[in-house]
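Okay, here's what each chain looks like letter by letter:
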Amino acid sequence: MTEFAPSAPTTPSAGRRRRVAAVAGTVGVVAVIGAGGWAWQGWLAQGPQASEVLPGDTLAYVGIDLDPPGGQKIEAYQTLKRFPSLAKHLGLKSQDDLRRSLLDQVTAESGCDLGYDDLADWAGDRAALAVVPQDDPEPVAVLQVDDPAKARTGLDKAVATCGDEVGYALGDGWAVLARTEEVARQVVADGGRAHLGDDADFQELTSAAGDAGVLTLYAAPEAGRALLDAVEEHPFLSLFVSTPFGLSTDPVDALMAFSSFASIGTRAVAEVEAELSPEEKRFWKRMENYDELSPAEQDQLTEEMAEFYEKQMPEDADLLPDDELPEISEEEIMEDFAVPVPDDVRRQLEDFAGLGGVARFDDGALEIEVVADPLLTGNTSRYDGTDALTALSPLPDDAALAFGGGFGDDWAKRTITDGPLSFGQEPDELLADFEKATGLTPDDLEDLGGDTIAFVAGPGFEKALSFEDDAGDAPIAARITGDATKVEAALEKVRAALGGKDVLPSARAGDAVVVGADRAFVEQVAKASGTTLGDSDRFAKAVPDADRALTITYVDFDEGDWVSQLTDGDVSPADLAPLDTAGITVTAAEGERQRVVIRVAFDD
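Residues numbered from 1 in each chain as written. Predicted model: local features only at pLDDT ≥ 70, side-chain atom pairs only at ≥ 80, totals over all residues. Heavy atoms only, no water.

Student: Explain the overall build of the chain residue by residue, including any values.
Tutor: Across its full length, the chain holds 26 helices and 16 strands. Split into buried and exposed, the 604 residues of the chain put 47% on the buried side. As displayed, the chain has an accessible area near 29,700 Å², and 53% of this comes from carbon and sulfur atoms. (Helix = DSSP H or I, 4+ residues; strand = E, 2+ residues; numbered from the N terminus. Buried < 20%, exposed > 50% of the residue type's maximum accessible area, 1.4 Å probe, protein only. Areas by Shrake-Rupley, 256 points an atom, 1.4 Å probe, with all protein chains shown as cover.)

Take a look at the structure:
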């Protein structure tokens, strides 16, 4: 029988924006972290889950199971122990320390006087974070309860130290923590009438994500519309909705972002120049050569500009001191960050079909499997078919990073107009900006991309991210198959836009064209001599179902010192040593959904 336990008196929260941000953040966690061969009954065999106390219309859910099936608890402990700094930070000396560490980490950030010792006598092995719909979407936490009387005592103590924005209610074997007691009681009551575990969408999506694990992820189809509603009420959230938040590792997105930044910069300069007076233009023309001036000439130019702008100030200008400036609310400041939600993002959120995911330990690897719309998997209709393995197989097996896939029809125009930084601009304006920045039309871009494309970075590629003089010689290349004549013609246009024929050297490899920054590396990739990724057992272990993949991302932690350098030495060699390979495989799932499997393998 459900029991409602009163919590300490609370007052209504005034921080609604903080609550909405928490809701958006929880939905985002489900999106970013996140047809199985197991039946729904198999999941129920794990024992009671937090989904059984939450309402059936829950919008987002992240469930954790510290006693998962199949020996995963032992495997998780053994894996985490291999990372010395992590094991020390978590205090791992036994399997039970996993539970202590998790609860201590969570409660340390709660603002409450609550730790593992307060929970150990009554909390079970399962918990969840969720967003439930009430008058407004409400973030809640759920803890399994083994001893209701001890739970009530411990939670009363905790709530008394948590300020005025926490309440709880006890249900059958579960404690629900929320913004107020009323919210928590409503969650228990709604879950008693129809709980999430019985919801058809929840069952379908979480079972589609494969075998059970330590984490279960879920976003309801209604979550997309709820996120748009939150943006309408709090426009500052549009910045997070309008920027890419999926699982994309596609270098094309990075290239499109670069061209977008170039276009934005060009347009901004043009707008500023249009408002400059002739004298200001002369000043800024001289500023272009500032570094070539002598110190005396630099001082003179600075003084002349200061005098000029001082004269532009109205004589009757009455500047207020800082302490007399009008106050601007935090809400008003945040509104300044609002941007238009791109039409394609709005449409995909309105049509969102839900997400299901599981994180598990499997055969010596950490695996995260997510089934969701392309919006959240990060793989849009840019890629089609199952050509990813074919694209990557000829690459050298000493690749540190690799990505490949086969393009779909009319991908180029959609990529430009629905790009990661379109921010609601008109398509014609985006197309014009892209052509000005790159010299390419959408047809040219399709010619350049060919039928399949594979990007590869060899050992030492990290210098491309530095400001060293030899950064342009980094071992990074793209291997493109298709009409080689059209690929090379489009490449010439890019070279012209970049200002020289010597940039982006290329080489033929049968019907493929290899292009990159360093000529020697380009020729190495084109020759494809020696062992390739297609011959590599380590590659095959990292990317399951590669023969059905739309796209494949591959990471080899042992090729070179790139991880240590990119982390600026913050990760010790001992903590890097256990890492072997990682792969992200995207395949088609039922309907319009896609399946993403992220697999991190560890050295034996």
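That covers the picture; the talk isn't over yet.
Student: Describe the environment of Val142, and please don't skip the residues or the numbers.
Tutor: Structurally, the position occupied by Val142 is in strand β3 (residues 137-145). Considering only alpha carbons, one finds Val142 and Ala127, 15 residues apart in sequence, at a separation of 5.3 Å. With residues up to four places along the chain from it excluded, the contact list for Val142 reads Ala50, Val53, Leu54, Arg126, Ala127, Ala128, Trp174, Ala175 and Val176. (Contact = heavy atoms within 4.5 Å.)

Student: Pulling in residues and values, what's your account of the pairing of strand β7 (residues 355-362)?
Tutor: Counting buried positions over the eight residues of β7 gives seven, a clear majority of the element. Here strand β6 (residues 215-219) runs beside β7; their pairing, made up of five bridges, is antiparallel. Residue pairing across strands places Leu215 opposite Ala359, the latter belonging to β7. Here β7 pairs with strand β8 (residues 365-372) via eight bridges, running antiparallel. By the bridge assignment, Leu355 is partnered in β8 with Ala372. The antiparallel hairpin formed by β7 and β8 contains two residues in its connecting segment, where Asp363 sits at a positive phi of about 50°. (Pairing = 2+ DSSP bridges.)

Student: Provide a residue-level description of the pattern of salt bridges, including the pertinent values.
Tutor: Inspection of the entire model under this criterion finds 22 salt bridges. The shortest N-O distance in the salt bridge between Lys285 and Glu288 comes to 3.7 Å. Of the two residues, Lys285 and Glu288, neither departs from the other in class, the shared state being exposed. Note that Asp362 is salt-bridged to Arg599, the shortest N-O span being 3.3 Å. Of the two residues, Asp362 sits in strand β7 while Arg599 sits in strand β16 (residues 594-602), which places them 237 residues apart along the sequence. Each of Arg360, Asp362, Glu367, Glu369, Arg595 and Arg599 takes part in salt bridges that share partners, so that together they form one network. (Salt bridge = Lys/Arg side-chain N within 4 Å of Asp/Glu carboxyl O.)

Student: Pulling in residues and values, what's your account of empty space enclosed by the protein?
Tutor: If you add up the space inside the second largest cavity, you get close to 50 Å³. As for the second largest cavity, its lining consists of 13 residues, of which Gln49, Tyr61, Gly63, Ile64 and Thr216 are closest to the centre. Among the secondary structure elements, those contributing two or more residues to the lining of the second largest cavity are β1 (60-65), β2 (123-133) and β6. Here the lining of the second largest cavity gets four residues from one element, more than from any other, and that element is β1. A per-class count over the lining of the second largest cavity returns seven nonpolar, four polar and two charged. (1 Å grid on protein atoms, 1.4 Å probe; cavity = no way out; pocket = protein on both sides within 12 Å on 5 of 7 lines; lining within 4 Å. Points joined across faces, edges and corners; volume = space filled by probe spheres on them. Nonpolar A, V, L, I, M, F, W, Y, C, P; charged D, E, K, R; others polar.)

Student: For the nonpolar core, give the residues involved together with the corresponding values.
Tutor: By size, the foremost hydrophobic cluster in this structure holds 25 residues, and its most contacted members are Leu392, Leu395, Val456, Val514, Val525, Phe539 and Ile552. Secondary structure elements with two or more residues in this core: α18 (388-392), β10 (452-457), β12 (506-509), β13 (512-516), α23 (519-527), α24 (537-542) and β14 (549-556). A total of four residues in this core trace back to one element, the largest contributor, which is α23. Filtering out sequence-adjacent residues up to four positions away, Val456 remains in contact with Leu395, Ala399, Leu401, Ala402, Pro475, Ile476, Ala477, Phe521 and Val525. (Core = buried A, V, L, I, M, F, W, Y, C linked by side-chain atoms within 4.5 Å.)

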